[in-house]
Amino acid sequence: MDQGHLFIISAPTGAGKTTLANAVIKKLAPNINLHKIVTYTTRPPRPREHNGVDYHFVSPEVFELKKQTGYFLETNFYNNHWYGSPNSIKTDLDAGKSLI
């Protein structure tokens, strides 16, 4: 099985990263095994954001526990909230999934 590819979109808050990712997935997913990564955050959801779709919204305590147990590939503290990407990204890439 081929290794998956990781696509990273980086831009300031509110620049349209989610809109772009969703458009790319809609266009390319029928032809390649492309999925959106759902990361974790301690910030509250914004209007129209859904837990498990846009982010996994967790309490600071849950985030810290996951962090201490090595659950995250990387974490970042930004604007008084934690953000983190799960280690499952590596497993998914090894399984041939491409992620954005």
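**Side note on the sheet that holds strand β5 (residues 81-86)**
- An order of β3-β2-β5-β4 is seen for the 4 strands of this open sheet, with the pairing classed as mixed. The outermost strands of the open sheet, each flanked by one partner alone, are β3 (56-57) and β4 (72-78).
- Examined bridge by bridge, strand β2 (residues 40-41) and β3 share 2 bridges and lie parallel to one another. Within β3, the position partnered with Thr41 by the bridge is Phe57.
- Where helix α2 (residues 60-68) meets the sheet, it contacts β2, β4 and β5, and its direction lies at approximately 140 degrees from that of β4.

**Describing unusual backbone geometry**
- Even without being glycine, Asn79 reaches a positive phi, approximately 55 degrees.
- Considering the arrangement of structural elements, one finds Asn79 in the loop between β4 and β5.
- Among the residues examined, Asn79 registers a relative accessible area of 57% and is labelled exposed.
- The backbone of Asn80 shows a phi angle near 70 degrees, a positive value even though the residue is not glycine.
- Position of Asn80 relative to the elements: it lies in the loop between β4 and β5.
- With relative accessibility at 62%, the residue Asn80 sits in the exposed group.

**What about the pattern of salt bridges?**
- A full pass over the atoms with the stated rule returns 2 salt bridges.
- A salt bridge links Arg43 to Glu49; the shortest N-O distance between them is 2.9 Å.
- Glu49 gets classed as buried once you look at its relative accessible area, which sits at 19%.
- Among the ionic pairs, Arg46 bridges to Glu49, the shortest N-O distance being 4.0 Å.
- Under the relative-accessibility criterion, Arg46 is labelled partly exposed at 40%.
- Linked by salt bridges that have partners in common, Arg43, Arg46 and Glu49 make up one network.

**A short note on the layout of surface pockets**
- Roughly 1300 Å³ of internal volume is contained in the largest pocket.
- If you trace the largest pocket, you find 36 residues lining it, with Ile9, Lys17, Thr18, Thr39 and Tyr55 closest to the centre.
- Counting only elements with at least two residues in the lining of the largest pocket, the list comes to α1 (17-28), β4 and β5.
- Classifying every residue of the lining of the largest pocket gives 16 nonpolar, 12 polar and 8 charged.

Cut-off values and rules
Residues numbered from 1 in each chain as written. Predicted model: local features only at pLDDT ≥ 70, side-chain atom pairs only at ≥ 80, totals over all residues. Heavy atoms only, no water. Pairing = 2+ DSSP bridges. Helix = DSSP H or I, 4+ residues; strand = E, 2+ residues; numbered from the N terminus. Contact = heavy atoms within 4.5 Å. Axes fitted to C-alpha atoms, helices over the stretch in contact; angles between N-to-C directions. Buried < 20%, exposed > 50% of the residue type's maximum accessible area, 1.4 Å probe, protein only. Salt bridge = Lys/Arg side-chain N within 4 Å of Asp/Glu carboxyl O. 1 Å grid on protein atoms, 1.4 Å probe; cavity = no way out; pocket = protein on both sides within 12 Å on 5 of 7 lines; lining within 4 Å. Points joined across faces, edges and corners; volume = space filled by probe spheres on them. Nonpolar A, V, L, I, M, F, W, Y, C, P; charged D, E, K, R; others polar.

Purely spatial values, then, with no claim about function.
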